[in-house]
Amino acid sequence: MAKTKKQRSRQKYNYSKNRKRQWKKSKKKAKIGNKSIEAAWDERKSVSQNLREMGLSHDVNKTIPLPKTRDIMPKVYQLKDEEMETDVPLKKSKRRKKLHVMKQLEMEANTPQEGTPRLSSEMVRYCTYMMDKHGED
């Protein structure tokens, strides 16, 4: 595939960028929109570990896996009962989970909220005026 002249030329160092400021900006704590999640967040842990402890999902595909076609289709070859049985002990987590965060998020989601109009207040006022003047035509 052909490349443009810009793609073929070598990259030049950009002196106008402040690398120190960029590095500091990348190390800053990310802003989280929810106060309950922000309070329970642990800087020393990864994003997936933090969310798992709060009872939230980091990757939905891992949390709720879709069944594979080989599981859906009827099995042509039946495995012996001995091969199918596996005794793998489940690991119990000794860490204390922060389930209060999940419960608080559910409560916030279940509270009824006022439906805000998607039009500006002036536009709503104008529309109601026209409806009063001309009716529902």
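Residues numbered from 1 in each chain as written. Predicted model: local features only at pLDDT ≥ 70, side-chain atom pairs only at ≥ 80, totals over all residues. Heavy atoms only, no water.

### Focus on the overall build of the protein
Alright, step 1. From N to C terminus, the protein includes nine helices and zero strands.
Alright, step 2. The helix and strand sequence of the protein, counted from the amino end, reads α-α-α-α-α-α-α-α-α.
Alright, step 3. Looking at the 137 residues of the protein, the share that counts as buried comes to 8%.
Alright, step 4. Within the protein, counting contacts between residues at least 6 apart in sequence, those at least 24 apart form 51% of the total. (Helix = DSSP H or I, 4+ residues; strand = E, 2+ residues; numbered from the N terminus. Buried < 20%, exposed > 50% of the residue type's maximum accessible area, 1.4 Å probe, protein only. Contact = heavy atoms within 4.5 Å.)

### Some details on the pattern of salt bridges
Alright, step 1. Scanning the entire structure with this criterion turns up four salt bridges.
Alright, step 2. Here Asp42 and Arg44 are joined by a salt bridge, their closest N and O atoms 3.4 Å apart.
Alright, step 3. Judged by relative accessible area, which is 15%, Asp42 ranks as buried.
Alright, step 4. Residue classification places Arg44 among the exposed positions, given a relative accessible area of 76%.
Alright, step 5. The shortest N-O distance in the salt bridge between Lys98 and Glu53 comes to 3.8 Å. With Lys98 in the loop between helix H7 (81-84) and helix H8 (99-110) and Glu53 in helix H4 (residues 47-54), the pair connects residues that are 45 residues apart, well separated along the chain. (Salt bridge = Lys/Arg side-chain N within 4 Å of Asp/Glu carboxyl O.)

### Considering the packing of aromatic side chains
Each aromatic ring pair is characterised by the separation of its centres together with the angle its planes make.
Alright, step 1. For the structure shown, the criterion picks out one aromatic pair.
Alright, step 2. Ring centres 4.9 Å apart and planes at 75° place the aromatic pair Tyr13 and Tyr15 in the edge-to-face group. (Phe/Tyr/Trp six-rings, centres within 6.5 Å; stacked < 30°, edge-to-face > 60°.)

### What about the side chain of Asp42?
Alright, step 1. Topologically, Asp42 is positioned in the loop between helix H3 (35-40) and H4.
Alright, step 2. Those residues in contact with Asp42 that sit more than four places away from it in its chain are Asn50 and Lys98.

### Looking at a positive patch on the surface
Alright, step 1. Positive charge collects at one region of the surface, where Arg21, Lys25, Lys28 and Lys31 lie side by side.
Alright, step 2. With respect to the helices and strands, the residue Arg21 is situated in helix H2 (residues 19-27). (Patch = residues over 30% accessible without salt bridge, like charges linked within 9 Å, V, L, I, M, F, W, Y side chains within 5 Å. Areas by Shrake-Rupley, 256 points an atom, 1.4 Å probe, with all protein chains shown as cover. Lys, Arg positive; Asp, Glu negative; His and termini not counted. Charge placed at Lys NZ, Arg CZ, Asp CG, Glu CD.)

### A word on the environment of Ile32
Alright, step 1. Here Ile32 shows up in the loop between H2 and H3.
Alright, step 2. Residues within four places of Ile32 in sequence aside, it is in contact with Ile37, Glu38 and Trp41.

### A word on helix H9 (residues 121-134)
Residues spaced three or four apart along an α-helix face the same direction, because each turn holds 3.6 residues.
Alright, step 1. With 14 residues, H9 extends 20 Å between its outermost C-alpha atoms, agreeing within 8% with the 20 Å of an ideal straight helix rising 1.5 Å per residue.
Alright, step 2. Following H9 by one or two positions, Gly135 adopts a phi angle in the positive range, close to 85°. (Expected span 1.5 Å × (residues − 1).)

### Looking at a nonpolar patch on the surface
Alright, step 1. A cluster of nonpolar side chains, contributed by Leu119, Met123, Val124, Tyr126 and Tyr129, occupies part of the molecular surface with about 490 Å² of accessible area.
Alright, step 2. Note that Tyr126 resides in helix H9.
Alright, step 3. Take Tyr126: its relative accessible area is 45%, and that puts it in the partly exposed class.

### Side note on the side chain of Lys98
Alright, step 1. Here Ala40 takes part through its backbone oxygen, which lies 2.6 Å from a polar atom of the side chain of Lys98.
Alright, step 2. The residues contacting Lys98, other than those within four sequence positions of it, are Ala40, Asp42, Glu53 and Met54. (Polar contact = N/O pair within 3.5 Å; in protein donor to acceptor, adjacent residues only side chain to side chain.)

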